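Survey of secondary and tertiary structure
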Amino acid sequence: MQKFTTLTGIAAPMDRANVDTDAIIPKQYLKSIKRSGFGPNLFDSWRYLDEGEPGMDHGRRRLNPDFVLNQPRYAGASILLARANFGCGSSREHAPWALMDYGFRVIIAPSYADIFYQNSLKNGLLPVVLEEAAVQQLFEGVYAQEGYRLSVDLDRQTITTPSGQVIHFDIDPFRKHCLVNGLDDIGLTLKHVDDIRAYEARRHKEAPWLFR
Amino acid sequence: MNGKTLYDKLWEAHVVRTNPDGTALIYIDRHLVHEVTSPQAFEGLRLAGRSLWRVDANLATADHNVPTTGRRQGIADPVSRLQVETLDQNCQDFGITEFGMNDPRQGIVHVIGPEQGATLPGMTVVCGDSHTSTHGAFGALAFGIGTSEVEHVLATQCLLLKKSKNMRVCVEGAIPFGVTAKDIVLAIVGRIGTAGGTGYAIEFAGSAIRSLSMEGRMTVCNMAIEAGARAGMIAVDDKTVDYLRGRPYAPPPQLWEQAQVAWRSFYSDEGATFDHEIRIDAGAIVPQVTWGTSPEMVVGIDGRVPDPLREQDATRRASMRGALEYMNLVPGTAIQDIAIDKVFIGSCTNSRIEDLRAAAAVVRGKRLAHNVKLAMVVPGSGLIKTQAESEGLDKVFTAAGFEWREPGCSMCLAMNADRLEPGERCASTSNRNFEGRQGAGGRTHLVSPAMAAAAGIAGHFVDVRSWR
């Protein structure tokens, strides 16, 4: 997993609640058997005027000028401001893959769907949870000022605004540890091979029908 | 001491070890695999030189990409074909049992698990698909996972998890005529909202839930995720045990007695405490129809499209406006005045034999309305298809002008060739009405199988309670 420590970057606003994973990366792109290359199709049906299919030259498609990420002021954004319940819907990990492939490393929202939240953490995409009012304030900042940049420091668990205001955020200490060090969950779990074997042996006695 | 909830019991039975921060390594009994969310996981195993922890805990099928017609000719779309072939190859390489596209047992992963008895009470069941909550109908802890977690389960048979909070939704009373499990769960999603269950495991309880068949219970648990809960579940009772008897992966006769005694301990104790409880009167539920682009945007068939001007919250108001624009609906329109272009009966929510019987009962002896361009019935599995054909249901559908297809996910998410064209409006028995879900620009209204069938005959939504 890609490490996350600090990041300073342009914030872009995704100003709608309940953004679902079908919107983040539409199903036709889920046919890929790879982990990479989803960036050009992030928010595909909002971002382009035509209907996209895998294998197209997406650089030649007609962009929707009204879509927020197509506005020049948000070019190169690496922080996505979002509303409540971001990432609801399916379990597709292609959603965080697409966000990261596009260039986002941080999302800031009042809440996330559970599976999306976990999937993000496992890919080095930092999903920051802030109070509704704090998120609202950041939205206002982004709208008011072109080139609005935020600095995110995972170790200190802070977001610093262009005016120097520091906003604290909470994150599970274990997940933070994994993100900061880029740790692979499987490697960590395999340190407990003996515990897993002991559990299986016990379970085999109690519920033999589960092992056949 | 307080009693334990069903979820508490399932959780405790699977703890391999607990970490100081309260997270736990949870053992996974059953891992269901399909073609869309697994290739990168198998690739990850290969790159790290890891093998499967326990081959027999896995069961695979191809469902999302498979065509529902002309299957003997293979898959026309080369990208879909590669994904399905990749699953075949991975299962062969790692020794996983797979019901391939032309196996008579193939079907939607959440249909075939229970059908095969591969889903059992007291199990942990995971799959790289959010509708894994379906399996909770059997008193199992079942939830969807991402591809990193798929790889984790393949390699370790465990997941590192934080325990969810307990929520109980009690639906009490007799279920009125014409109201189904689908209407109950849509009403629940409408009540608690699409994020209302975030962070919770939901137990569905109460006399109305107990009165449902196993098929109906699966429909309810299937949509727990549409209320934001990763897991939905229902306590074990006689119906659960009876459903499983004799199924291929169920315990053999010499273990049956021991198993069913163990299974019957999976219920919430008297006095168990829940972090959140909701009570719903089944008698007040009417057939439901979604009007928007989130499953929580739902009203009764006797209702009207709501007016955003009457919504106080600005974000919600904006969501409603956006949804109405996408759906091309005007506030105040009677739901029964909404005409449809297509009908889809299928998906892991509503493609089981009971669903097909309910839809067939509505269309028997009638014809599809002239304005309906296509109505398709997609059974959840090859075995359900065969069962329905033995009951003559296929003939009932085709005589009415409906198409009878091969099993798969089909137009629930339109990864195969079955999809809505831009602007088309569909009465669908699936689970998500998100923008573009059934095809770019398509407009989805979620309903029960009987309501979808009736809309196909009438050409617009109608109240099945007064259907003749």
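Residues numbered from 1 in each chain as written. Chains lettered and ligands numbered in written order. Predicted model: local features only at pLDDT ≥ 70, side-chain atom pairs only at ≥ 80, totals over all residues. Heavy atoms only, no water.

Re the overall build of chain B
Quick reminder of the rule: Secondary structure elements are defined from DSSP: runs of H or I of at least 4 residues count as helices, runs of E of at least 2 residues count as strands, and each element is numbered from the N terminus. Throughout, the radius of gyration refers to the C-alpha atoms, and the reference size of a globule is 2.2 Å times the residue count to the power 0.38. Between buried and exposed lies partly exposed: a residue is buried under 20% and exposed over 50% of the maximum accessible area for its type, with that area taken using a 1.4 Å probe on protein chains only. Throughout, a contact is declared for two residues whenever any of their heavy atoms are within 4.5 Å. Computed by Shrake-Rupley with a 1.4 Å probe, the accessible areas treat only the displayed protein chains as cover when residues are assessed. The convention is simple: Lys and Arg are positive, Asp and Glu are negative, and His and the chain ends are not counted. Where a charge sits is defined by one atom per residue type, namely NZ (Lys), CZ (Arg), CG (Asp) or CD (Glu).
Scanning chain B from terminus to terminus reveals 15 helices and 19 strands. Against the 2.2 N^0.38 benchmark of 23 Å for 468 residues, chain B shows a C-alpha radius of gyration of 21 Å, consistent with a compact globule. Taken over the C-alpha atoms alone, chain B extends approximately 55 × 55 × 45 Å along its principal axes. The proportion of buried residues among the 468 residues of chain B is 67%. Counting only contacts in chain B whose residues sit at least 6 apart along the sequence, the fraction spanning at least 24 positions is 76%. In the form shown here, chain B has an accessible surface area of approximately 15400 Å², with 50% of it arising from carbon and sulfur atoms. Of the side-chain charges in chain B, 47 are positive and 52 negative, and the distance between the mean point of each set is 2 Å.

Looking at the overall build of chain A
What chain A contains, in helices and strands, is 8 helices and 7 strands. Over its C-alpha atoms, taken along the principal directions, chain A stretches across nearly 65 × 45 × 25 Å. Across the 212 residues of chain A, 58% fall into the buried class. When the accessible surface of chain A is summed, it comes to about 8600 Å², and 49% of that surface belongs to carbon and sulfur atoms. Charge-centre separation for chain A: the mean point of 25 positive side chains lies 5 Å from the mean point of 26 negative side chains.

Regarding helix α4 (residues 109–116) of chain B
Residue and element names in this part refer to chain B. Taking burial as the measure, the 8 residues of α4 include 8 buried ones, the bulk of the element. Buried within α4 we find V109, H110, V111, I112, G113, P114, E115 and Q116. Looking one or two residues past α4, G117 carries a phi angle of roughly 75°, positive in sign.

A short note on the interface of chain B and chain A
Accessible area lost upon the coming together of the parts serves often as the stated size of an interface. Basically, it comes down to this: Here the quantity called buried area is the total loss of accessible area, with a 1.4 Å probe, experienced by two parts when brought into contact, counted for both. What counts as a salt bridge is simple: a side-chain nitrogen of Lys or Arg found within 4 Å of a carboxyl oxygen of Asp or Glu.
Taken together, the contact between chain B and chain A spans 79 residues of the former and 56 residues of the latter. Interface area, chain B with chain A, both sides summed: about 5400 Å², of which 55% is carbon and sulfur. Across the contact surface, chain B and chain A share 9 salt bridges. Here E151 of chain B and R35 of chain A are joined by a salt bridge, their closest N and O atoms 3.2 Å apart. Counting residues per element, the ones that place at least two in the side of chain B that touches chain A are β1 (15–18), β2 (24–27), α2 (39–48), α3 (78–94), α5 (147–156), β8 (158–161), α10 (253–263) and α11 (314–327) of chain B. Take the side of chain B that touches chain A: its biggest share by element is 7 residues, from α5 of chain B.

Overview of the sheet that holds strand β16 (residues 374–377) of chain B
Residue and element names in this part refer to chain B. Note the threshold: Pairs of strands are assigned from DSSP output, requiring at least two bridges between the strands. Fitted lines through C-alpha atoms serve as axes, helices being fitted only where they are in contact, and the angles separating the N-to-C directions of these axes extend from 0 to 180 degrees.
In space, the 5 strands of this open sheet follow the order β17-β16-β15-β18-β19, with parallel pairing throughout. At either end of the open sheet lies a strand with only one pairing partner, and these are β17 (403–404) and β19 (443–446). Taken together, the 2 bridges between β16 and β17 define a ladder with parallel strand orientation. Note on β17: the bridge partner recorded for M376 is E403. Set on the sheet, helix α15 (residues 449–458) makes contact with β15 (342–345) and β18 (425–428); between it and β15 the angle comes to about 155°.

Things to note about the state of the cysteines
Any covalent bond linking the sulfur atoms of two cysteines counts as a disulfide. Residue and element names in this part refer to chain B. The condition that has to hold: Cysteine sulfur atoms that pair up within 2.5 Å are treated as a disulfide.
Counted by the stated rule, this structure contains 0 disulfides over all chains. Of the cysteine sulfurs around C221, a residue in no disulfide, the closest is that of C348, at 12 Å. Here C409 is not cross-linked by a disulfide; its sulfur's nearest cysteine counterpart is in C348, at 6.7 Å.

So, the packing of aromatic side chains
The geometry of two aromatic rings is summed up by the distance between their centres and the angle between their planes. All names here are of chain A. Keep this limit in mind: Side-chain rings of Phe, Tyr and Trp, where Trp is taken by its six-membered ring, are said to pair if the distance between their centres is within 6.5 Å; with planes under 30 degrees apart they count as stacked, over 60 as edge-to-face, and otherwise as tilted. We call a charge positioned over a ring when the NZ of a Lys or the CZ of an Arg lies within 6 Å of the ring centre and within 35 degrees of the ring normal.
In the structure shown here, the tally under the stated rule is 17 aromatic pairs over all chains. Relative to F116, the ring of Y112 has its centre 6.3 Å away and its plane inclined at 20°; by these criteria the two rings are stacked. Take Y112 and F116: they sit in the same class, and that class is buried. Considering the side-chain rings of F139 and Y143, the 6.2 Å spacing of their centres and the 40° angle between planes classify their relative orientation as tilted. On the criterion of helical spacing, the pair formed by F139 and Y143 is a turn pair, its members being 4 residues apart in helix α5 (residues 132–144). On the basis of relative accessible area, F139 is assigned to the buried category, the value being 1%. Looking at Y143, the relative accessible area reads 42%, which means it is partly exposed. Through a chain of ring-to-ring contacts, the aromatic side chains of F86, Y112, F116 and Y117 assemble into a single cluster. The cationic tip of R83 hangs over the ring face of F139; the distance from NZ or CZ to the ring centre is 3.9 Å.

Comments concerning the nonpolar core
In plain terms, the rule: Within this scheme, the nonpolar core is defined by two criteria: the residues are buried Ala, Val, Leu, Ile, Met, Phe, Trp, Tyr or Cys, and they are joined through side-chain atoms within 4.5 Å.
Counting residues in hydrophobic clusters, the biggest one holds 113 residues, and the most contacted among them are F43, F86, L99 and I108 of chain A together with F402 of chain B. Among the elements that make up this core, the one with the highest residue count is α15 of chain B (7 residues). Beyond its immediate sequence surroundings of up to four residues, L99 of chain A is in contact with I24, L42, F43, L80, F86, F104, I107, F116 and L125 of chain A. Judged by nonpolar contacts, the second largest core, of 110 residues, contains V125, C158, L161 and F204 of chain B.

Re the pattern of salt bridges
Considering all chains together, one arrives at 39 salt bridges over all chains under this definition. Between R16 of chain A and E435 of chain B there is a salt bridge whose closest N-O contact spans 3.0 Å. Placement of the pair is R16 of chain A in the loop between β1 (6–14) and α1 (21–24) and E435 of chain B in the loop between β18 and β19, with the two residues belonging to separate chains. Among the residues examined, R16 of chain A registers a relative accessible area of 35% and is labelled partly exposed. Judged by relative accessible area, which is 18%, E435 of chain B ranks as buried. Linking D185 of chain A and R175 of chain A is a salt bridge whose minimum nitrogen-to-oxygen distance equals 3.2 Å. Here the residue D185 of chain A occupies a position in helix α7 (residues 185–189), and R175 of chain A occupies one in helix α6 (residues 173–181), the gap between them amounting to 10 residues. The network of salt bridges with shared partners includes K122, R175 and D185 of chain A together with E149 and R230 of chain B.

Remarks on the confidence of the model for chain B
The line we're drawing: Confidence scores here are pLDDT values: one per residue, from the predictor, ranging 0 to 100.
Taken over all residues, the pLDDT of chain B has a mean of 97, while the share at 70 or more is 100%. The ipTM assigned to the predicted complex is 0.96, against a pTM of 0.97.

Things to note about α11 of chain B
Residue and element names in this part refer to chain B. For the record, the criterion: By this rule the span expected of a helix is its residue count minus one, scaled by 1.5 Å. Here the arc refers to the set of directions running from the helix axis out to each C-beta atom. Between N or O atoms, a polar contact is any pair within 3.5 Å; within protein, one atom must be a potential hydrogen donor and the other a potential acceptor, and residues adjacent in sequence are included only when both atoms are from side chains.
With 14 residues, α11 ought to run about 20 Å at 1.5 Å a step, and its terminal C-alpha atoms sit 20 Å apart, in line with that. Restricting attention to buried positions, one finds in α11 the residues S319, M320, A323, L324, Y326 and M327. The buried side chains of α11 occupy one side of the element, clustering within an arc of 160° when seen end-on. Lining the buried residues of α11 we find β18 and β19. The opening residue of α11 is D313, an N-cap whose side-chain oxygen sits 3.3 Å from the backbone nitrogen of T315. The first or second residue beyond α11 is N328, which carries a positive phi of 55°.

Let's talk about the side chain of K385 of chain B
Residues and elements named next belong to chain B. Position of K385 among the secondary structure elements: in helix α13 (residues 382–390). Assessed through its relative accessible area of 15%, K385 is described here as buried. Those residues in contact with K385, other than ones at most four positions away along the chain, are P379, W404, R405, E406 and P407.

Topic: the pairing of β8 of chain B
Residue and element names in this part refer to chain B. Of the two faces of β8, the one holding C158 and L160 and the one holding L159 and L161 are both buried throughout. The sheet contact formed by β2 and β8 spans 4 bridges and is antiparallel. Its bridge partner being in β8, Y27 is matched across the sheet by C158.

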